[in-house]
Amino acid sequence: MKFTLSWLKDHLETTATVAEIAEALTDLGLEVEEVSDPATRLAGFTLGHVLSAEQHPDADRLRVCRVQTDLGEKQIICGAPNARAGITVVVAHPGTYVPGIDTTIQVGKIRGVESEGMMCSEREMELSEEHDGIIELSSGEVGESFADWLAAHDPAKVDPVIEIAITPNRSDALGVRGIARDLAARGLGRLRERVIGPVPGEFPSPIGVRIEKDTLDGCPLFAGRVIRGVKNGPSPAWLQARLRAIGLRPISALVDITNFFTFDANRPLHVFDADKVEGGLRVHRARGGETLTALDEKTYTLPAGAMVISDDAGPESIAGIMGGAATGCTEETVNVFVESAFWDHVQIASAGRALRINSDARYRFERGVDPEFTLPGLEAATRMIVDLCGGAPSGVVVAGEVPDHARAYRLDSDRVRSLVGMEISEAQQRQTLTALGFRLDGDMAHVPPWRPDVGGEADLVEEVARVASLTKLKGKPLPRPAARVTKPVLTPLQRREQAARRAMAALGYNECVTYSFIDREAARLFGGGGDGTRLENPISSEMSHMRPDLLPGLLRAAARNRARGFSDLALFEVGPAFGGGEPGEQHLQAAGLLVGRTGPRDVHGENRPVDLFDAKADAEAALAAIGAPARMQIFRDGAGWWHPGRHGRLCLGPKKTLGAFGELHPKVLETLDIKGPAVAFTVWPSEVPQPRRAGAARPALHLHDLQAVERDFAFVVDESVAAGDLVTAAQGADKTLISEVRVFDEFSGPKAEAQMGAGKKSVALTVRLQPFEKTLKDAEIESVARRIVEKVAKATGGTLRS
């Protein structure tokens, strides 16, 4: 949004400088992107008086001029045809940069005669394209700044231009008056009163208007009037100067007037050539497929449902976006129909995107304009057209009515002070809102119609805060609730999440952050893909469902990396997974994935394909980092995406699952395009029981001064018996003395069956006994050994190997 300082002063009575205005606008939330001040380019130019102008001795078209300047009498060579004695000119001294010719003036000789400066033309100073001669001024004192002279005699040429960035919610700032209102509320001046009186009609409008019933939700109000006998010539110089300053090209008086109101009051208008309109105007929805050649000389095919303004011959304008070329105004136009309407912002945005048209009208209507200014805007435009172009206006024809956007919210002054953190008195708060156009009735603030962005009490707080200026906010430390060490900020689950992330990173895994959305096929592989986790408006078909597990995202990431030549991967992720669409059906997971081999090839041949025991060890390490008990049971009845015989559940009892590990099912790997060995693990931090001791202190260290004893046992069991069952049974023989049981050998296969019988294997255990009170005697050791054999035999049917 661009505007000039003089334009702003039409609405704001102020003595503030451009710098003060720019600083205030940025502080108010209207960020200034650029300030273009032509006076800064002219700072080095001063006025001079030509004392004499003699013919150059060696050039027919050059004159040697004696010029009285602020630095004394100077000799300047000039080739302009109007260089003569007695005129007041603009002088550039040596060292002055001339923007129009991109040159810094120096003392030099021209055809052997020294020249000590330059007398400038308008084009050389980038004031216009005039370059037939040097500037002749009708007044001015020698040495006076040319910029100051222009400010007094031709201010449009040194009018600063300010450009601000408009956030989507501040549609009111798309008009100069809205910007002036904000500055007045800040205290940088007084908002000038705007009086718009009705322009009486001299005859009934020959063009009627109506809105179809199915279009009233998109166009609740449509108004207009005919003006006969206008003269559509060039617009006045002041209007052309303003439009050029903000980057618009003056076209004709009628078009320039509509552009003026678009930027002045955020009120887009449209002018039809009344002689080209057949019958009345009708606002309706397009059937789809109709074509219209717009003012940009492009032909558009209208989508079904888009709002259109038509006459008896067909569509003549794309409602709220762009007019049609067939009824556009030209220099021959003498009768016009001026239209002012209010359009629904959502429907304008939808049609504009479908047609790919970007116009100033669409930009404003899709953000919201003042519905109550629809008719006053028409009256103001009528007055300017009659004043500049002449003509006689008809009465106003109106279809529909002004929509009721009235709303009010409670102003809680204490709440404002609490949220903003500044001491703003109630009187100041009320004064701020009043200055911004709010109407206060007790503690209820009625929102002005030009502020569609205000939709609650929080917005009132924001308005007060931005006008008061948050730059005045002073930082204060939060008060302590008590004179003691504060409680931890992180919850136990958050600390576990952090610990799991660090543990897996320490194990050599690389962290991934994947989308929480996956495709339906992948979700079904991992127990999801139902309607409960389906997204209503997915980003793409590959992100249609909430993920039931973290592993699909990790597998997709591994497939992309392997396709690019990275075959050995260790990836992990910590994040939520979703069992359904309700709030309570979300749970935290930490998952790791190993693909390929344990490391790069080396001369020792120590690398190998990853296996489920790698995943088991890493899962146990992650659980240990978040405080899981050291002893856990392993069950083999995991979910369907694990390999049936090569996985396990880490549990505290059959129903308390802390994690799962193992190889992934071949069908899962094939579907997700993973080649080669792939093992994974998943842990659920929230399932780990909280420690009984809540303190942060470690327990006392207990050292044993008695010698530990180890005994080895080799049991013959069925091949189906898990080694973990043997370990658990042995540990249960004496929970006081037995400190550790571990497997150190397994003998299976054809040779084992030849010695021990078909379907048999041998598992060897080491049992460590740690006495506490006295050294163990042989009889006590043998007693524990017998109990171990009995426990293993009872639990697994195993016998000691002879």
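Everything here concerns the structure above.
The shown structure was predicted, so the numbers you read here are calculated from the model rather than taken from an experiment. (Residues numbered from 1 in each chain as written. Predicted model: local features only at pLDDT ≥ 70, side-chain atom pairs only at ≥ 80, totals over all residues. Heavy atoms only, no water.)

A. Quick peek at the side chain of R225. Its place among the elements puts R225 in strand β16 (residues 221-228). Judged by relative accessible area, R225 falls into the buried class, the value being 1%. A polar atom in the side chain of R225 sits 2.7 Å from the backbone oxygen of V199. At 3.5 Å, the side chain of R225 and the side chain of T382 are in polar contact. Apart from the residues within four sequence positions on either side, R225 is in contact with V199, P200, G201, V336, F337, V338, E379, T382, P393, S394, G395 and V396. (Helix = DSSP H or I, 4+ residues; strand = E, 2+ residues; numbered from the N terminus. Buried < 20%, exposed > 50% of the residue type's maximum accessible area, 1.4 Å probe, protein only. Polar contact = N/O pair within 3.5 Å; in protein donor to acceptor, adjacent residues only side chain to side chain. Contact = heavy atoms within 4.5 Å.)

B. Expanded view of the side chain of S252. Along the chain, S252 turns up in the loop between α6 (237-245) and α7 (253-264). Within the local environment of S252, its side chain forms a polar contact with the side chain of N232, the two groups lying 3.3 Å apart. In contact with S252, other than residues within four places in its own chain, are N232, G233 and S235.

C. Region of interest: the sheet that holds strand β3 (residues 32-36). The three strands are arranged β1-β13-β3 in an open sheet whose pairing can be described as antiparallel. Taken across any chain shown, the strands that pair with only one partner, and hence form the sheet edges, are β1 (2-4) and β3. Between one strand and the next, the sheet's axes are offset by a mean angle of 20°, whatever the strand orientation. In the sheet, β1 pairs with strand β13 (residues 161-164) via three bridges, with the strands oriented antiparallel. Looking across to β13, one finds that F3 is bridged to I162. Each of β1, β3 and β13 is contacted by helix α2 (residues 18-27), which is oriented at about 170° to β3, the strand it contacts most. (Pairing = 2+ DSSP bridges. Axes fitted to C-alpha atoms, helices over the stretch in contact; angles between N-to-C directions.)

D. Spotlight on the sheet that holds strand β6 (residues 72-78). Here we have five strands laid out as an open sheet, ordered β6-β5-β4-β7-β12, and antiparallel in their pairing. Both edges of this open sheet fall to β6 and β12 (118-119), since each of them pairs with a single strand only.

E. Inspection of helix α17 (residues 612-625) at higher detail. End to end, α17 covers 20 Å across 14 residues, agreeing with the expected 20 Å (1.5 Å per residue, within 8%). Of all the positions in α17, only L612, D614, A615, D618, A619, A622 and L623 are classed as buried. The buried residues of α17 occupy one face: seen down the axis, they fall within an arc of 165°. Facing away from the buried side of α17 by over 90 degrees, the exposed positions are F613 and A624. On its buried face, α17 sits against α14 (492-506), β34 (586-595), β36 (642-651), β37 (657-664) and β38 (678-683). Its side-chain oxygen 3.0 Å from the backbone nitrogen of F613, D611 forms the N-cap of α17. (Expected span 1.5 Å × (residues − 1). Arc of directions from axis to C-beta.)

F. Spotlight on the pairing of strand β21 (residues 307-311). Most of β21 is tucked away: five of the five residues are buried. Across the two faces of β21 the burial is the same, with M307, I309 and D311 and V308 and S310 all buried. Judged from the four bridges that link them, strand β18 (residues 281-285) and β21 form a sheet pairing that is antiparallel. By the bridge assignment, R285 is partnered in β21 with M307.

G. Representation of the packing of aromatic side chains within the structure. For the structure shown, the criterion picks out nine aromatic pairs. Residues Y509 and F681 carry aromatic rings whose centres are separated by 5.9 Å and whose planes lie at 90° to one another, so their mutual orientation is edge-to-face. Within this pair, whereas Y509 is found in the loop between α14 and β30 (510-511), its partner F681 is found in strand β38, the two being separated by 172 residues in sequence. On the basis of relative accessibility, which here comes to 5%, the residue Y509 falls in the buried class. Residue classification places F681 among the buried residues on the basis of a relative accessible area of 0%. Their ring planes at 40° and their centres at 5.3 Å tell us that F526 and W641 sit as a pair that is tilted. With a gap of 115 residues between them, F526 in the loop between α15 (520-525) and β32 (545-546) and W641 in the loop between β35 (633-635) and β36 connect regions that are remote in the sequence. No difference in accessibility class separates F526 from W641, as the two residues are buried. Positioned over the ring face of W450 is R181, at 4.1 Å from the centre of the ring. When the ring centre of Y363 is taken as origin, the NZ or CZ atom of R367, which lies over that ring, is 3.7 Å away. (Phe/Tyr/Trp six-rings, centres within 6.5 Å; stacked < 30°, edge-to-face > 60°. Lys NZ or Arg CZ within 6 Å of the ring centre and 35° of its normal.)

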